[in-house]
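# Structural features, examined
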Amino acid sequence: MLQIRLLNEDLQRKAREELNEVPARIHEDLKTLKTWIEEQPHLCANTDDQFLICFLRGCKYSLEKAKKKIDSYYSFKTKFPEFCNITNVSSARLREIFRSGAFLYLPIPLHNNGPRIVLLRLASAEIFSLEEVLAVNHVLQDILMLEDDNAVVNGLVMIADQKGIPLSHILQATPTYLKKWITYNYESIPLRLKSIHFLNAPKIFDIVYNTAKPMLPLKQQDRFLNHNSLDSLIQHVPLKYLPNDYGGESGTIKEIIAEWDKKLDKYRDYFGKSIQWGTDEKLRFDKAKHYDDTFGSEGSFRKLELD
């Protein structure tokens, strides 16, 4: 028996029409993925139905793409654990970064049943390194994959409020780091980024944007929008979906942080268990894709190709 949540009527329609989901075939597709995972000597993966269906939906039910993304997800976590494989969500430092409110997944999806909205506020976490802050977001992304059907089916809309962004974070966004972030978010995570809206970006941020843009998949390059004012942003994301602190109606930033604090507690055992999942590259029989070829054996950038 399938261990997955039922989608509401609107999300089920979108899953069928936009993601090629055939409810009668889900069991067989999941079985195929599980069999493939069992046959990979280098791969130890979570095989829960709810986890795997996220990859099927994120890859529009292309089994080959789903296999590649699962492999990439665990390969990346194994190679860069400090970047995307945090297993202790109770650590004081992680909670301090999280409670700064650098990443806020807002409670009301766009248009009430559309993409999940994430608000990025790096200025709130100025005292931490950029990698530490984004690593905490990767924990939140894992939770979305497990429980947020709007994010899985409809994707994400990111609002990056750059007001007060620390210069130190901009300087840490080196080409190597940007390659790592882009690779993980586009090759490994099965959450589709529908658009990114930059708000209050300082002129110096153009350096980061112009460095990152050529590294992005072509279809993503037109999904980056720059806004000089809130009035411009709300033409795309109506004000009511933003936190009360911005004049919206989705609750205060403090309330949103408190709700997600409870989620982190709820998933404490899950992340502790995740330490057993990953890859052993010595056992990989298919050497066609290996992140040593992309970033070098110590993580330095070499060459990246994205579909």
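Residues numbered from 1 in each chain as written. Predicted model: local features only at pLDDT ≥ 70, side-chain atom pairs only at ≥ 80, totals over all residues. Heavy atoms only, no water.

An unreviewed UniProt entry lists the protein under the name Alpha-tocopherol transfer protein-like, from Glossina fuscipes.

The next thing to look at is the nonpolar core. Counting 92 residues, the largest nonpolar core has Phe 51, Phe 103 and Val 237 as the members making the most contacts within it. Among residues more than four places away in sequence, those in contact with Phe 51 are Asn 46, Tyr 73, Tyr 74, Met 145, Leu 146 and Tyr 270. Membership of the second largest hydrophobic core comes to five residues, among which are Leu 7, Leu 11, Ala 15 and Leu 19. (Core = buried A, V, L, I, M, F, W, Y, C linked by side-chain atoms within 4.5 Å. Buried < 20%, exposed > 50% of the residue type's maximum accessible area, 1.4 Å probe, protein only. Contact = heavy atoms within 4.5 Å.)

What follows is about the packing of helix α6 (residues 92-99) against helix α7 (residues 130-147). Put simply, α6 and α7 touch, their axes get as near as 10 Å, and they point 90 degrees apart. One way to sum up the angle between α6 and α7 is to call them roughly perpendicular. Where α6 abuts α7, its residues Arg 93, Leu 94, Ile 97 and Phe 98 lie against Glu 132, Val 133, Val 136, Val 139 and Leu 140. Of the residues contributing to the contact of α6 with α7, the split by class is seven nonpolar, no polar and two charged. (Axes fitted to C-alpha atoms, helices over the stretch in contact; angles between N-to-C directions. Helix = DSSP H or I, 4+ residues; strand = E, 2+ residues; numbered from the N terminus. Parallel < 35°, antiparallel > 145°, perpendicular 65-115°, else oblique. Nonpolar A, V, L, I, M, F, W, Y, C, P; charged D, E, K, R; others polar.)

It is a general feature of regular strands that their side chains alternate between the two faces of the sheet. Burial within strand β5 (residues 193-199) is extensive, with six of its seven residues counted as buried. Where strand β4 (residues 156-161) lies against β5, six bridges are found, and the strand directions are parallel. When the bridges of β5 are listed, Ile 159 appears paired with His 197. (Pairing = 2+ DSSP bridges.)

The next thing to look at is the sheet that holds strand β3 (residues 116-120). Spatially, β2-β3-β4-β5-β6 is the arrangement adopted by the five strands of the open sheet, whose pairing is mixed. Of all the strands in the sheet, the pair left with one neighbour each is β2 (103-105) and β6 (224-227). The average angle at which neighbouring strand axes cross in this sheet is 20 degrees, direction not considered. Where β5 and β6 come together, four bridges link them in parallel fashion. Paired with Ile 196 across the strands is Phe 224, a residue of β6. Across the sheet, α7 lies against β2 and β4, angled at about 15 degrees from β2, the strand it touches most.

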